[in-house]
2 protein chains.
Amino acid sequence: MSDLEALSLKLEARGYRVTPPRRAVIAAVLQQAGHFTVDDLLHRCRGAGRATVFRTIRLLTELGVVCRVLLDDGSLHYRLSQRPQHHHHLVCTGCGKVQDLDDCAVSDLVRELSGSSGYEIEGHWLEFYGHCAACRSEVLVGVPA
Amino acid sequence: MSDLEALSLKLEARGYRVTPPRRAVIAAVLQQAGHFTVDDLLHRCRGAGRATVFRTIRLLTELGVVCRVLLDDGSLHYRLSQRPQHHHHLVCTGCGKVQDLDDCAVSDLVRELSGSSGYEIEGHWLEFYGHCAACRSEVLVGVPA
DNA sequence: ATCTCAGTGAGACAAGGTATCAGGTAGTCC
DNA sequence: GGACTACCTGATACCTTGTCTCACTGAGAT
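Below: a short report on this structure. Residues take numbers from 1 onward in each chain, read along the sequence in its written order. The order in which chains are written sets their letters, starting at A; the order in which ligands are written sets their numbers, starting at 1. Where local features are concerned, this predicted model is filtered to residues with pLDDT of at least 70; where side-chain atom pairs are given and counted, the filter is 80 or more; whole-chain, interface and lining totals use all residues. Calculation of side-chain values draws on the structure's entire complement of heavy atoms; hydrogens and water are dropped beforehand.

### So, the relation of the copies chain B and chain A
Then step 1. For the least-squares superposition of copies, only C-alpha atoms count, and only for residues with pLDDT at least 70 in both. Screw-axis analysis of chain B against chain A gives a translation of 0.1 Å along the axis, an RMSD of 0.3 Å, and a rotation angle of 178 degrees. Between the two chains, the operation in question is that of a two-fold axis. Within chain B, L126 of chain B has its C-alpha nearest the rotation axis, a separation of 2.3 Å.
Then step 2. Contacts between residues were defined by any pair of non-hydrogen atoms, one from each residue, lying within 4.5 Å. Of the residues that chain B buries at the interface, 100% are likewise interface residues in chain A, meaning the two copies contact each other through the same surface.

### Re helix α5 (residues 107–117) of chain A
For an α-helix the count is 3.6 residues per turn, leaving residues at separations of three or four pointing the same way.
Residues and elements named next belong to chain A.
Then step 1. Relative accessibility decides the category of a residue: with a 1.4 Å probe and only protein chains considered, values under 20% of the type maximum give buried, values over 50% give exposed, and everything between is partly exposed. Counting from the N terminus, the helices are the DSSP runs of H or I reaching at least four residues and the strands are the DSSP runs of E reaching at least two. When α5 is considered as a whole, its buried residues turn out to be L109, V110, L113 and S117. For α5, the arc enclosing every buried residue in end-on projection is 100 degrees, short of the 170-degree limit, so these residues lie on one face. Along α5, exposed side chains directed more than 90 degrees from the buried face belong to D108, R111, E112 and G115.
Then step 2. Trailing α5 by a residue or two, G118 shows a phi angle of about 85 degrees, which is positive. Summarising the geometry, the arc corresponds to the directions from the helix axis toward the C-beta atoms.

### Regarding the protein's contact with DNA strand C
Then step 1. We define proximity as follows: a residue is near a molecule or strand when any one of its heavy atoms falls within 4 Å of that partner. In the vicinity of DNA strand C there are 18 residues, among which T19, R22, T52 and R55 of chain A together with R50 of chain B approach most closely.
Then step 2. Each atom of DNA strand C within 4 Å of the protein was assigned to sugar, phosphate or base; sugar and phosphate come to 51%.
Then step 3. Here a polar contact is taken to be a pair of N or O atoms separated by no more than 3.5 Å, where protein atoms must pair a possible hydrogen donor with a possible acceptor and residues adjacent in sequence count only if both atoms sit in side chains. The side chain of T19 of chain A places a nitrogen or oxygen atom 2.2 Å from a phosphate oxygen of DNA strand C.
Then step 4. One of the side-chain N or O atoms of R22 of chain A is found 2.8 Å from a phosphate oxygen in DNA strand C.
Then step 5. Counting residues per element, the surface near DNA strand C draws most heavily on helix α4 (residues 50–63) of chain B, at four residues.
Then step 6. Here the term charged refers only to Asp, Glu, Lys and Arg, the term nonpolar to Ala, Val, Leu, Ile, Met, Phe, Trp, Tyr, Cys and Pro, and the term polar to all other amino acids, Gly among them. Split into classes, the residues belonging to the surface near DNA strand C amount to eight nonpolar, four polar and six charged.

### Section: the pairing of strand β3 (residues 88–92) of chain A
Residue and element names in this part refer to chain A.
Then step 1. The buried fraction of β3 is high, at five of five residues.
Then step 2. On β3, burial covers both faces: H88, L90 and C92 on one face and H89 and V91 on the other are all buried.
Then step 3. When DSSP finds two or more bridges between a pair of strands, those strands are recorded as paired. In this structure, β3 lies alongside strand β4 (residues 98–101), joined through four bridges in antiparallel fashion. Residue pairing across strands places H89 opposite D100, the latter belonging to β4.
Then step 4. Linking β3 back to β4 in an antiparallel pair, the connection comprises five residues, with G96 at a positive phi of about 85 degrees.

### Let's talk about the nonpolar core
Then step 1. Side-chain atoms within 4.5 Å link the members of a nonpolar core, which is a set of buried Ala, Val, Leu, Ile, Met, Phe, Trp, Tyr and Cys residues. The biggest cluster of nonpolar side chains holds 26 residues, and the ones touching the most others in it are L90, I121 and F128 of chain A together with L90, I121 and F128 of chain B.
Then step 2. Broken down by secondary-structure element, the contributors of at least two residues to this core are β3, α5 and β5 (120–131) of chain A together with β3 (88–92), α5 (107–117) and β5 (120–131) of chain B.
Then step 3. Those residues in contact with I121 of chain A that lie beyond four places of it in its chain are V110, L113 and S114 of chain A together with L90, F128, Y129 and G130 of chain B.
Then step 4. If you look at the next biggest cluster of nonpolar residues, it comprises 22 residues, including V18, I26, V29 and V65 of chain B.

Rendered as structure tokens:
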């Protein structure tokens, strides 16, 4: 079963129709390698209007199929989610590659903070930025010591 | 020396002029209790145009006087920075109160992640959301068991 | 056949922010 | 003082990201 079919079934299971425009958006999302914007999708999928792309992305986000990636500069991008549950990202600012961090690294921190601050902590944002191994070696080749 | 004067000197030391509109924006920022938007400032300081308020906020952000606070929903607000160096926030989603977290709690995590991922990690976002002690007790009073 | 309703595209709208541009002003050099 | 320059200004146009509205379509139920 292709990813497209799997996602279509998932939508249908939740009572959503799998229409041609939705199918086009999902196909476009599946083609994206790293993080992307709605604008990227719009250029790539001619079969759906702007509003529909936004609506479908929102839908996919709610289903956990797509997650939001917060970039260095504060802008929000989207990404095909490898894990539906809560997770964080490690974003390469060189090539845009995104790596999921499988376990939530700050759950201990949250517990500790709850005790010390008096807050009941209900959520958090955590994203890391850097250069991946490939981009680092490229830089080293480009600028020899 | 007032905060306004101190910030004026800081601007001058960097070679920026302290003009009446900039002074008005800084005064408005100093009046804000928690986090605020540029729109909040615009309503509060009549002495400066929209573009100037945006420009001044960007300037203050670069100087570390104001820091950006990422809210739960992904929107960016601003806040008078208590610490010019890198830090994180604990935001009360009830009353909007913001608490600075003094030491960067993820520096250990960054080191660990650098080793395991091959990335050279250069930055990160970390914000916590929850309800502060005051808001929690209010809820308890409002909704008795 | 018709009714209903989720889904649609076009386009208006909104928030938040940047770019442009003509004009103002402070400081400097003569 | 006068000219020059660089910085700063407000108004306004514009961009980006996203939502809302509205008339329309098409699939499924009756």
